[in-house]
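Coordinate analysis (summary)
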Amino acid sequence: MNVVLPHRIEAMLSPSEARLDLAIGMYSSGRVTMGTAAEVADLSTPQFQRELGRRRIPVNYSAENLEQDLQAAAELARR
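The structure reproduced in this document is the subject of the present report. (Residues numbered from 1 in each chain as written. Predicted model: local features only at pLDDT ≥ 70, side-chain atom pairs only at ≥ 80, totals over all residues. Heavy atoms only, no water.)

Quick word on the layout of surface pockets
Keep this limit in mind: Using a 1 Å grid laid over the protein atoms alone, points where a 1.4 Å probe fits but cannot get out form a cavity; open sets with protein on both sides within 12 Å along at least 5 of 7 lines form a pocket; any residue with an atom within 4 Å of a point counts as lining. Grid points are joined across faces, edges and corners, and a volume is the space filled by probe spheres set on the points. We count a stretch as a helix when DSSP gives it H or I for four or more residues in a row; a strand needs E for two or more, and each element gets its number in order from the N terminus. Only Asp, Glu, Lys and Arg are considered charged, only Ala, Val, Leu, Ile, Met, Phe, Trp, Tyr, Cys and Pro nonpolar, and every remaining residue, Gly among them, polar.
The calculated volume of the largest pocket comes to roughly 400 Å³. Residue lining of the largest pocket: 13 residues in total, with Val3, Leu5, Pro15, Ala18 and Arg19 positioned closest to the centre. Sorting the residues of the lining of the largest pocket by element identifies helix H1 (7–10) and helix H2 (15–28) as the ones contributing at least two each. Ranked by the residues each element gives to the lining of the largest pocket, the list is headed by H2, at five residues. A per-class count over the lining of the largest pocket returns eight nonpolar, two polar and three charged.

Given below as structure tokens:
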């Protein structure tokens, strides 16, 4: 996909900054998971998490996510 920006905006952003801003916007709106957003930004998930923290953007972590993580941890502990 190619995105055409007004020249004054394009002059303000590098391609990597544009990808990161797009990824953060998609993640913040709930349209993509953190893993997908990190992929869009071309960052590892921990790097993306650090960038969210640097920008003071809350992590989308629901009670359902916690339950899934607890189930996965319990399953790993049984092995």
